[in-house]
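# Structural overview for review
Here is what each chain is made of, one letter per residue.
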Amino acid sequence: MTNFKLTPQQISDYHRDGYLIVKKFLSDEEANKLYTIAIEDDTMKKHAFDLNDQAGKKTKLSLWYTPGNDTYGLLTKSKRMVESADQLMDGDASVCHFHSKLMQKEPKVGGAWEWHQDYGYWYKNEFLFPEQMLSIMIAITEANKENGCMQVIKGSHKMGRIEHGFAGEQVGASQHYVDLALKTMELVYVELQPGDALFFHSNTLHRSAANLSNNSRWSLISVYNRSSNIPYNEPSGSSTVPLETVPDEAMLEWQGDGLGDESNFLVKEKDQALK
Ligand SMILES: O=C(O)CCC(=O)C(=O)O
């Protein structure tokens, strides 16, 4: 999808619901390239780590801060990603990249993500403005109920930040408030095809169940921030460096392949909670 621009209706849906699904955000050719690179990428494998959920099931991910001229970086910096983030985030300072993650939920073993708001994590990094942050998830494989697709509580971003504590090696939202939210708002299973995108607000409550199916569930999640939203407790620095966009065609037409070691990967310490 080139020359992509969110419509006024999509923008208002995002603000009402706290998320937005865009089908076929990537073409089949782009989605195939992303899939092939992801499964063959040795650098990514080398930097992947496991994160335990509350039941001790492991979910695998790699997280990096600096988007390069590899396929993931070219997608992250593409006009359609950066300008969509710009259309949806509050403020008008430059759009920056906080981090990207390759989520690798393997068949039968891929663990759950507990209910949380991303800003439950990022508040601890001392970002002050949740409206100036958002995530874009791109499905690399099909995501459905069976393989543990994302679940969101529609409209929950309007609750503002709720308390979070630790849940396994993850950060989890107060169950009491999650229960109240579920009594009040709709639970939506975000089933996606490869190349579909999910945009979600940093205060949208979301989770995903363990992958008990025979199929992998892989996705790329890129997090954007405005340069005006300074994290006072975050050493990576990436989140306030303005992005230089590249054309949407770059991920297919430029040389880009897998990630290089210079991408500044997060190295998880033993038992360290994420983010
Ligand atoms: O990919 C998933 O299943 C959930 C990821 C998630 O909750 C997150 O990255 O905040």
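Look above for the structure.
Predicted, not measured: the structure shown is a model, and the values here were computed from it.

### With respect to the overall build of the protein
Looking only at helices and strands, the protein has 8 helices and 13 strands in total. A compact globule built from 275 residues would reach a C-alpha radius of gyration of about 19 Å, and the protein, at 17 Å, matches this within 12%. Seen through its principal axes, the protein has C-alpha atoms that stretch 50 × 40 × 35 Å. The burial tally for the protein puts 49% of its 275 residues in the buried class. In the protein, the proportion of contacts linking residues at least 24 apart, taken out of those at least 6 apart, comes to 89%.

### Section: the pairing of strand E2 (residues 49–52)
Bridge analysis of E2 against strand E3 (residues 58–64) gives 4 bridges, and the strand direction is antiparallel. Directly across from Asp50, in E3, lies its bridge partner Lys60. Taking the residues between adjacent antiparallel strands as the criterion, E2 and E3 are bridged by 5 residues, where Gly56 takes a positive phi near 85 degrees.

### Side note on the site of the ligand
Taken together, Met103, Trp113, Asp118, Met150, His206, Ser208, Ser219 and Ile221 make up the full set of residues near the ligand. When residues of the shell around the ligand are traced back to their parent elements, those giving at least two are strand E12 (206–208) and strand E13 (217–226). Residue composition of the shell around the ligand, grouped by class: 4 nonpolar, 3 polar and 1 charged.

### Comments concerning the environment of Glu29
Within the secondary structure, Glu29 sits in helix H2 (residues 28–40). Along the sequence, Glu29 and Gly195 sit 166 residues apart, while their C-alpha atoms lie 9.2 Å from each other.

### Some details on the pairing of strand E1 (residues 19–22)
Along E1, one buried face is formed by Tyr19 and Ile21 and the opposite face, lined by Leu20 and Val22, is buried too. Two elements, E1 and strand E11 (residues 197–201), share 4 bridges in a ladder whose sense is antiparallel. From the neighbouring strand, Tyr19 faces E11, where its bridge partner is Phe200.

### A look at the environment of Thr71
Topologically, Thr71 is positioned in helix H4 (residues 71–76). What makes Thr71 buried here is the crowd of 25 C-beta atoms within 10 Å. Distance in space between the C-alpha atoms of Thr71 and Glu253 is 10.0 Å, their sequence separation being 182 residues.

### Here's the deal with helix H5 (residues 79–88)
Looking only at H5, the buried set comprises Arg80, Met81, Val82, Ser84, Ala85 and Leu88. In this fold, the buried residues of H5 make contact with helix H1 (8–17), H4, strand E4 (95–105), strand E6 (133–139), E11 and E13.

### Things to note about the nonpolar core
Within the largest apolar cluster, 63 residues are counted, with the highest numbers of intra-cluster contacts made by Ala85, Ile138, Leu198, Phe199 and Tyr224. In this view, Ile138 contacts Phe25, Leu26, Ala197, Ser219 and Leu220; residues no more than four positions away in its chain are not counted.

### Some remarks on the sheet that holds E1
Across the sheet, which stays open at both edges, the 7 strands sit in the order E1-E11-E6-E13-E4-E3-E2 with antiparallel pairing between neighbours. Edge positions in the open sheet fall to E1 and E2, since each of these has one partner strand only. The sheet shows a mean angle of 25 degrees between the axes of neighbouring strands, taken without regard to direction. Of the strand pairs in this sheet, E6 and E13 are connected by 7 bridges, and their pairing is antiparallel.

Conventions we followed
- Residues numbered from 1 in each chain as written.
- Predicted model: local features only at pLDDT ≥ 70, side-chain atom pairs only at ≥ 80, totals over all residues.
- Helix = DSSP H or I, 4+ residues; strand = E, 2+ residues; numbered from the N terminus.
- Rg over C-alpha atoms; globule rule 2.2 N^0.38 Å.
- Buried ≥ 20, exposed ≤ 12 C-beta atoms within 10 Å, placed from the backbone.
- Contact = placed C-beta atoms within 7 Å.
- Pairing = 2+ DSSP bridges.
- Near = placed C-beta within 6 Å.
- Nonpolar A, V, L, I, M, F, W, Y, C, P; charged D, E, K, R; others polar.
- Core = buried A, V, L, I, M, F, W, Y, C linked by C-beta atoms within 7 Å.
- Axes fitted to C-alpha atoms, helices over the stretch in contact; angles between N-to-C directions.

Everything listed here is a matter of coordinates, which is why it stays silent on function.
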